[in-house]
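Fold and geometry: a report
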Amino acid sequence: FSDEPGLTFAAGGIDHEGNVDFCTLYVDGALRHTWQREGVVWAVAFAPGGATLAAGGQDEKVTLYDTTTYEVRKELFRDGEVNAVAFSPDGQLLACGGDDALLAVYDLATGATMRW
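Predicted model only: the values in this text are computed from it and were never measured.

1. Digging into the overall build of the protein chain
In terms of regular secondary structure, the protein chain is built from 0 helices and 11 strands. Counting from the amino terminus, the protein chain carries its helices and strands in the arrangement β-β-β-β-β-β-β-β-β-β-β. Across the 116 residues of the protein chain, 42% fall into the buried class. In the protein chain, the share of contacts with a sequence separation of at least 24, taken over all contacts with a separation of at least 6, comes to 27%. For the protein chain, the accessible surface area stands at approximately 6,200 Å², while carbon and sulfur atoms represent 54% of it.

Next comes the structure, spelled out in structure tokens:
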């Protein structure tokens with residue numbers, strides 16, 4: 001869920017036939033946009049203010065989407081599937097965890113990466 005006014009949320013998944021992987025954005029309960037992906041989306045999170053959506057999953061990357069223009073803002077690559085994503089309260093850092101058993105924290109302004 002976004003902290004924006006109204007009911008804004010996102011979800012990831014796979015279609016009923018197991019073919020199409022996606023990340024979807026809903027605003028006020030209505031489908032607003034769907035992004036196609038290379039693999040199942042396991043985790044989504046909104047940055048504070050709701051202007052950016054992070055989605056990570058089977059394709060071993062986190063994609064940052066602009067929730068107004070629907071453009072890809074940035075892609076962050078990992079060694080393994082991404083199972084969790086979370087923004088810092090100020091939206092400057094993005095943490096993600098996955099199959100490699102490491103926590104990676106990305107500084108979105110500088111591009112620096114810290115791993116534990």
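Let's pick the thread back up.
2. A few points about the sheet that holds strand 7 (residues 72-77)
Sheet architecture is open: 4 strands sit in the order 4-5-6-7, paired in antiparallel fashion. If you trace the sheet from one side to the other, it starts and ends with strand 4 (41-46) and strand 7, each paired once. Direction aside, neighbouring strands of the sheet carry axes that sit 20° apart on average.

3. Section: the sheet that holds strand 9 (residues 93-98)
Spatial ordering of the open sheet is given by 8-9-10-11, a layout of 4 strands whose pairing is antiparallel. The sheet terminates laterally at strand 8 (82-87) and strand 11 (113-115), the two strands that pair on one side only. Taken over all neighbouring pairs, the strand axes of this sheet differ in orientation by 20° on average, direction set aside. Note: strand 9 against strand 10 (residues 103-107), 5 bridges, orientation antiparallel. Within the sheet, the bridge partner assigned to Leu94 lies in strand 10 and is Tyr106.

4. Remarks on the packing of aromatic side chains
In this description, a pair of aromatic rings is defined by centroid distance and the angle of the planes. In this structure the tally under the stated criterion is 2 aromatic pairs. The interplanar angle of 25° and the centroid separation of 4.2 Å between the aromatic rings of Trp35 and Tyr65 together place this pair among those described as stacked. Pair noted here: Trp35 is in strand 3 (residues 30-37) and Tyr65 is in strand 6 (residues 61-66), with a separation of 30 residues, a long-range link. Both residues of the pair, Trp35 and Tyr65, belong to the buried class. Ring plane angle 65° and centroid distance 6.2 Å describe the contact between Trp35 and Tyr70, whose orientation is recorded as edge-to-face. With a gap of 35 residues between them, Trp35 in strand 3 and Tyr70 in the loop between strand 6 and strand 7 connect regions that are remote in the sequence. Accessibility expressed as a relative area gives 6% for Trp35, which makes it buried. Tyr70 gets classed as partly exposed once you look at its relative accessible area, which sits at 23%. A connected cluster of aromatic rings, assembled from ring pairs, spans Trp35, Tyr65 and Tyr70.

About the thresholds
- Residues numbered from 1 in each chain as written.
- Predicted model: local features only at pLDDT ≥ 70, side-chain atom pairs only at ≥ 80, totals over all residues.
- Heavy atoms only, no water.
- Helix = DSSP H or I, 4+ residues; strand = E, 2+ residues; numbered from the N terminus.
- Buried < 20%, exposed > 50% of the residue type's maximum accessible area, 1.4 Å probe, protein only.
- Contact = heavy atoms within 4.5 Å.
- Areas by Shrake-Rupley, 256 points an atom, 1.4 Å probe, with all protein chains shown as cover.
- Pairing = 2+ DSSP bridges.
- Axes fitted to C-alpha atoms, helices over the stretch in contact; angles between N-to-C directions.
- Phe/Tyr/Trp six-rings, centres within 6.5 Å; stacked < 30°, edge-to-face > 60°.

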